Amino acid sequence: MNIKAGIIGGAGYTGGELLRILLQHPAVEITFVHSRSKAGEPIVSVHSDLLGDTELRFTDIPGEDINVLFLCVGHGEARRFLADNPISADVRVIDLSQDFRLAGKAAIGDRAFVYGLPEWQRDAIRQARNIANPGCFATAIQLGLLPLAKAGLLGAVHTTGITGSTGAGQGLSATSHFSWRANNIQAYKTLHHQHGAEIAQSVGHLQAEGFALHFVPWRGDFARGIFTSSTLDFKGTLAEAYQLYEAFYQDHPFTVVSREPIHLKQAVNTNKCLLQLEAGGGRLVVHSAIDNLLKGASGQAVQNMNLLFGLEETMGLRLKSIAF
Ligand SMILES: NC(=O)c1ccc[n+]([C@@H]2O[C@H](COP(=O)([O-])OP(=O)(O)OC[C@H]3O[C@@H](n4cnc5c(N)ncnc54)[C@H](OP(=O)(O)O)[C@@H]3O)[C@@H](O)[C@H]2O)c1
């Protein structure tokens, strides 16, 4: 099978990671890569990591001969793009923004979106036509909580999480400037991060009531990756908690439950989510590590594409971390 893919927002960070994966994907042919600011320029003029891998150039004209369209643009821009550019109903859309993640907002016209977290609803994704790809923090935190939600064991959850600077996209801002970010750390959006709503939505499908998330995100002084730690009351033993997690994820190739301490570098440059549990004093702590641009964005988008088109879930995504 040759899936013809188009990318909107191809000059950004998630667009660049998507290109890196799709250029090596055995079932995909890239038809066009859209950029308003770089139209006509070679892809490698922006994504220099792809030097020698592609002769493609950016275009500002979205092509029509495609099977799947990836939207790698900012929040609000994805919905606007689909409103301004009628795309054939036959084309599957995978949106990386938050525009279609929440029920009540998960459609534009007749185009309805399914929330694309395979570890929660892989069968629904296989049947879907369009995918709302989850947020990066939302992915790390949800994968850390789903087994407990399924068992109805979630109460108040206190989560801290640290993210690299690529989480904010390629545009320069005061907090992504090197001289601010290097050797620095800051809490932001304390208790008000936008991903709380999508986390509550998925957990709510598994556990009707009793869950509350108290989330403090941090900006970290590294480029890639997310590490979260969620703490909650837990009456069982650590061994029981591990059994729950290992059973829940046994058929999910990208979520790996570790009995050894995990660290960020194990996840960076992979589509994996690594989970580790610790217990003490009646509490359980769930550590979770992902690459924000891969399992948190473009890697998960390709995982969803594989499911939509009936391909092996891991196709094109067997990436290895760089350990040292
Ligand atoms: N970065 C992450 O770790 C991450 C993780 C999960 C989800 N996401 C989400 O993924 C989306 C893309 O993130 P990103 O980090 O790749 O952002 P980015 O680096 O800022 O890139 C977005 C690109 O979209 C293009 N664009 C913006 N508005 C557009 C429009 N109206 N029509 C067409 N193109 C437009 C821009 O390129 P041109 O001006 O050249 O067209 C820009 O380079 C965002 O919604 C973000 O929240 C990001």
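Conventions used here
- Residues numbered from 1 in each chain as written.
- Predicted model: local features only at pLDDT ≥ 70, side-chain atom pairs only at ≥ 80, totals over all residues.
- Heavy atoms only, no water.
- Helix = DSSP H or I, 4+ residues; strand = E, 2+ residues; numbered from the N terminus.
- Buried < 20%, exposed > 50% of the residue type's maximum accessible area, 1.4 Å probe, protein only.
- Polar contact = N/O pair within 3.5 Å; in protein donor to acceptor, adjacent residues only side chain to side chain.
- Contact = heavy atoms within 4.5 Å.
- Near = heavy atom within 4 Å.
- Areas by Shrake-Rupley, 256 points an atom, 1.4 Å probe, with all protein chains shown as cover.
- Domains from an automatic or database assignment.
- Buried area = accessible area lost by both parts, 1.4 Å probe.
- Salt bridge = Lys/Arg side-chain N within 4 Å of Asp/Glu carboxyl O.
- Expected span 1.5 Å × (residues − 1).
- Pairing = 2+ DSSP bridges.

**Q** It is not clear to me how the side chain of Gln-276 should be interpreted in this structure. Could you clarify?
**A** Relative to the helices and strands, Gln-276 resides in strand S14 (residues 273-280). Among the residues examined, Gln-276 registers a relative accessible area of 8% and is labelled buried. A distance of 3.2 Å separates a polar side-chain atom of Gln-276 from the backbone nitrogen of Ile-262. With residues up to four places along the chain from it excluded, the contact list for Gln-276 reads Tyr-242, Ser-258, Glu-260, Pro-261, Ile-262, Val-285, Val-286 and His-287.

**Q** Teacher, can you tell me more about the site of the ligand here?
**A** Inspection of the region around the ligand gives 26 residues, with Thr-14, Ser-35, Ser-37, Val-73 and Glu-77 positioned closest. In the environment of the ligand, an oxygen atom lies 2.7 Å from a nitrogen or oxygen atom belonging to the backbone of Val-73. A distance of 2.9 Å separates a nitrogen atom of the ligand from a polar backbone atom of Thr-166. Out of a free accessible area of 890 Å², the ligand has 87% covered by protein chains. Taken together, the elements giving at least two residues each to the shell around the ligand come down to helix H1 (13-22) and helix H8 (294-308). Mapped onto the domain boundaries, the shell around the ligand takes at least three residues apiece from domain 1 (3-133 + 297-308) and domain 2 (136-290).

**Q** What is the right way to read the domain arrangement of the protein from this model?
**A** Interfaces are often described in size by the accessible area the parts lose on coming together. The domains assigned to the protein are domain 1 (3-133 + 297-308) and domain 2 (136-290). Once you take the C-alpha centre of each, domain 1 and domain 2 turn out to be 25 Å apart. Contact with domain 1, which involves 18 residues of that partner, is made by 26 residues of domain 2. For the pairing of domain 1 and domain 2, the buried interface totals around 1800 Å² over both sides, and the portion due to carbon and sulfur atoms is 52%. The largest contributions to the domain 1 side of the interface with domain 2 come from Tyr-13, Glu-119 and Trp-120, which together make up 36% of the buried area. Viewed at the interface, domain 2 and domain 1 are joined by 2 salt bridges. Glu-198 serves as the salt-bridge partner of Arg-101, at 2.9 Å between the closest nitrogen and oxygen. Here domain 1 and domain 2 share 13 residue pairs in polar contact (both at pLDDT 80 or more) between them. Of all the secondary structure elements, the ones that give two or more residues to the side of domain 1 that touches domain 2 are H1, helix H3 (118-127) and H8.

**Q** How should I be thinking about helix H4 (residues 136-150) in this particular structure?
**A** Every α-helical turn comprises 3.6 residues, leaving residues that sit three or four positions apart pointing alike. With 15 residues, H4 should cover 21 Å at 1.5 Å per step; its first-to-last C-alpha distance of 21 Å lies within 8% of that length. Most of H4 sits out of view: 14 of its 15 residues are buried. Where H4 ends, the next residue or the one after it, Gly-152, has phi of about 70°, a positive value.

**Q** I tried to follow the pairing of strand S2 (residues 28-34) on my own but got confused; where do I start?
**A** Every regular strand shows the same layout, with side chains that alternate between the two sheet faces. Here S2 lies mainly inside the structure; 5 of its 7 residues are buried. Inspection of the sheet shows strand S1 (residues 3-8) paired to S2 by 6 bridges, in the parallel sense. For Ile-7, the partnering residue across the bridge sits in S2 and is Val-33. Note: S2 against strand S3 (residues 58-59), 2 bridges, orientation parallel. Note that in S3 the partner of His-34 across the bridge is Thr-59.

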